[in-house]
Amino acid sequence: QRSAQTEMNTLFSRGLECFETRDFRNAALFFSKVIENEPKDMYATLLNGISHFEDNSYSNAKKSFGIVIEDNKNLYIDQAQWYLALCYLQTGENEKAVQLLQIINDEGGLFSKKSKRILKKIK
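All figures in this text were calculated on a predicted structure; none of them were measured in a lab. (Residues numbered from 1 in each chain as written. Predicted model: local features only at pLDDT ≥ 70, side-chain atom pairs only at ≥ 80, totals over all residues. Heavy atoms only, no water.)

Please clarify how the overall build of the chain should be interpreted in this entry.
Along the backbone of the chain there are seven helices and zero strands. Counting from the amino terminus, helix and strand elements in the chain follow one another as α-α-α-α-α-α-α. Against the 2.2 N^0.38 benchmark of 14 Å for 123 residues, the chain shows a C-alpha radius of gyration of 15 Å, consistent with a compact globule. For the chain, the spread of C-alpha atoms along the three principal axes comes to 55 × 25 × 20 Å. Long-range contacts, defined as pairs at least 24 residues apart, comprise 39% of the intrachain contacts of the chain with a sequence gap of at least 6. Surface summary for the chain: the accessible area is close to 7600 Å², and the carbon and sulfur share equals 48%. When the 17 basic and 16 acidic side-chain charges of the chain are each reduced to a single mean position, those positions are 6 Å apart. (Helix = DSSP H or I, 4+ residues; strand = E, 2+ residues; numbered from the N terminus. Rg over C-alpha atoms; globule rule 2.2 N^0.38 Å. Contact = heavy atoms within 4.5 Å. Areas by Shrake-Rupley, 256 points an atom, 1.4 Å probe, with all protein chains shown as cover. Lys, Arg positive; Asp, Glu negative; His and termini not counted. Charge placed at Lys NZ, Arg CZ, Asp CG, Glu CD.)

Sorry, what's going on with the packing of aromatic side chains here?
Two aromatic rings are characterised by how far apart their centres lie and by the angle between their planes. The tally for this structure, following the rule as stated, stands at nine aromatic pairs. Residues phenylalanine 53 and tyrosine 58 carry aromatic rings whose centres are separated by 5.6 Å and whose planes lie at 65° to one another, so their mutual orientation is edge-to-face. The exposure class assigned to tyrosine 58 is buried, which follows from its relative accessible area of 15%. Seen in terms of ring centroids, phenylalanine 65 and tyrosine 83 are 5.7 Å apart; in terms of plane orientation they differ by 25°. Their pairing is stacked. Taken together, the residues phenylalanine 65 in helix H4 (residues 58-71) and tyrosine 83 in helix H5 (residues 77-90) connect sequence positions 18 residues apart. Taken individually, phenylalanine 65 and tyrosine 83 each receive the classification buried, so the pair is uniform in this respect. (Phe/Tyr/Trp six-rings, centres within 6.5 Å; stacked < 30°, edge-to-face > 60°. Buried < 20%, exposed > 50% of the residue type's maximum accessible area, 1.4 Å probe, protein only.)

Explain the nonpolar core to me, please; I cannot follow it from the model alone.
In globular proteins that are soluble, nonpolar side chains generally tend to be buried together. With 23 residues, the main nonpolar core has Phe53, Phe65, Trp82, Tyr83, Leu101 and Ile104 as its most contacted residues. Broken down by element, this core gets its largest block of residues, eight residues, from H5. Among all residues touching isoleucine 104, those that are not within four sequence positions of it are Gln81, Trp82, Ala85, Gly109, Phe111, Ser112 and Ser115. Counting eleven residues, the second-largest nonpolar core is a separate cluster that includes Met8, Cys18, Ala44 and Leu47. (Core = buried A, V, L, I, M, F, W, Y, C linked by side-chain atoms within 4.5 Å.)

I would appreciate a short explanation of the environment of serine 32 in the present structure.
Checked against the element boundaries, serine 32 lands in helix H2 (residues 24-37). Here serine 32 falls in the partly exposed class, since its relative accessible area comes to 24%. In this structure, the C-alpha to C-alpha distance between serine 32 and alanine 44, residues twelve residues apart in sequence, is 7.9 Å. Apart from residues lying up to four places away in sequence, serine 32 is in contact with Asn48 and His52.

Structure (structure tokens):
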């Protein structure tokens, strides 16, 4: 069990290294391997989604962000909602983006000011 945990830590660390150097394709690969073995790791799931987003793989990004949001028991929901709204904008799903940006704005969290600015531009 300790060996498996060490391997997951190594995969996660390599994913972070790729993420920090903006090698998002490889970051997503490493984070995906972590998630395969630890599906409840919402931080790895969020970073996997952001990596896919930055690599313009919006459908994969949306899946990751949806998992984080659906989990509803983690510290990453605000970030997942924000990036999911950005995915919707990138894929032309403006109605979904507006709905989610309105929720983000109403909740008054970390991204509320940014969401308010985008909502003004859209409307």
